[in-house]
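Chain by chain, the residues:
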Amino acid sequence: MPKKTLADTLAARETIYVNCAHPMCCKSTKLDIQALIDRLGRDHGPMHDDLVGLFICSNCKAAGRDRRQVFFTCMPDYEGQQRARNRDWKPTFERGG
């Protein structure tokens, strides 16, 4: 099975958020996929194991809290999917049953 890449994520218009797991923080930040591609390369993986070592929470670091692992949330392009689904839809004015 082919491995998903950052280029695939960008092409699919998916959004990835990095989230702090510290209960006193829970900060969430939207990642710039193009900036990640520029830094890591198009073929770098976008999955948790591929990215987890690259991020720490700046809020927790500034507050002197212990370092907790971050986690990621991936959001599909729902608007694009909805647009594609409704592209061929035509309203009908027939009365139902």
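Residues numbered from 1 in each chain as written. Predicted model: local features only at pLDDT ≥ 70, side-chain atom pairs only at ≥ 80, totals over all residues. Heavy atoms only, no water.

### Concerning the nonpolar core
Grouped burial of nonpolar side chains is what soluble globular proteins tend to show.
Here's step 1: Leu6, Ile16, Val18, Leu31, Ile33, Leu36, Ile37, Leu51, Val52, Phe55, Val70 and Phe72 together form the largest nonpolar core, which totals 12 residues.
Here's step 2: Elements supplying a minimum of two residues to this core: strand E1 (15–20), helix H2 (33–40) and strand E3 (70–75).
Here's step 3: When neighbours within four sequence positions are excluded, Phe55 is seen to be in contact with Val18, Leu31, Leu36, Arg67, Val70 and Phe72. (Core = buried A, V, L, I, M, F, W, Y, C linked by side-chain atoms within 4.5 Å. Buried < 20%, exposed > 50% of the residue type's maximum accessible area, 1.4 Å probe, protein only. Helix = DSSP H or I, 4+ residues; strand = E, 2+ residues; numbered from the N terminus. Contact = heavy atoms within 4.5 Å.)

### Some remarks on the packing of aromatic side chains
Here's step 1: Counting across every chain of the model gives one aromatic pair.
Here's step 2: A centroid spacing of 5.8 Å and a plane angle of 70 degrees characterise the contact between Phe55 and Phe72, whose relative ring orientation is edge-to-face. You can see Phe55 sitting in the loop between helix H3 (48–51) and helix H4 (58–63) and its partner Phe72 sitting in strand E3, a full 17 residues away along the chain.
Here's step 3: According to the relative accessible area criterion, Phe55 is buried, its value standing at 18%. (Phe/Tyr/Trp six-rings, centres within 6.5 Å; stacked < 30°, edge-to-face > 60°.)

### As for the pairing of E1
Here's step 1: Counting buried positions along E1 yields five of six residues, so the element is predominantly enclosed.
Here's step 2: In this sheet, E3 lies alongside E1 in antiparallel orientation, the contact comprising six bridges. Among the inter-strand pairings, Cys20 is bridged to a residue of E3, identified as Val70.
Here's step 3: By the bridge criterion, three bridges tie E1 to strand E2 (residues 28–30) in an arrangement that is antiparallel. Its bridge partner lying in E2, Val18 is registered against Thr29. (Pairing = 2+ DSSP bridges.)

### Quick word on H2
Here's step 1: Taken residue by residue, H2 has Ile33, Leu36 and Ile37 as its buried positions. An end-on view of H2 places all buried positions within 100 degrees of arc, on one side of the element. Opposite the buried face of H2, at more than 90 degrees from it, the exposed residues are Asp38 and Arg39.
Here's step 2: Those residues of H2 hidden inside the fold are in contact with helix H1 (6–11) and E1.
Here's step 3: Between a side-chain oxygen at the N-terminus of H2 and the backbone nitrogen of Gln34 the separation is 3.2 Å; the capping residue is Asp32. (Arc of directions from axis to C-beta. Polar contact = N/O pair within 3.5 Å; in protein donor to acceptor, adjacent residues only side chain to side chain.)

### Comments concerning the pattern of salt bridges
Here's step 1: Evaluated as defined, the whole model comprises four salt bridges.
Here's step 2: A salt bridge links Lys3 to Asp50; the shortest N-O distance between them is 3.6 Å. Of this pair, Lys3 sits in the segment before H1 while Asp50 is found in helix H3, placing the two residues 47 residues apart along the sequence.
Here's step 3: For Glu14, the salt bridge goes to Lys4, with nearest N and O atoms at 2.6 Å. Within this pair, whereas Glu14 is found in the loop between H1 and E1, its partner Lys4 is found in the segment before H1, the two being separated by 10 residues in sequence.
Here's step 4: Residue classification places Lys4 among the partly exposed positions, given a relative accessible area of 30%. (Salt bridge = Lys/Arg side-chain N within 4 Å of Asp/Glu carboxyl O.)

### Examining the side chain of Glu14
Here's step 1: On the basis of relative accessible area, Glu14 is assigned to the buried category, the value being 18%.
Here's step 2: The contacts of Glu14, once residues within four sequence positions are left out, are Lys4, Thr9, Ile33, Cys74, Met75 and Pro76.

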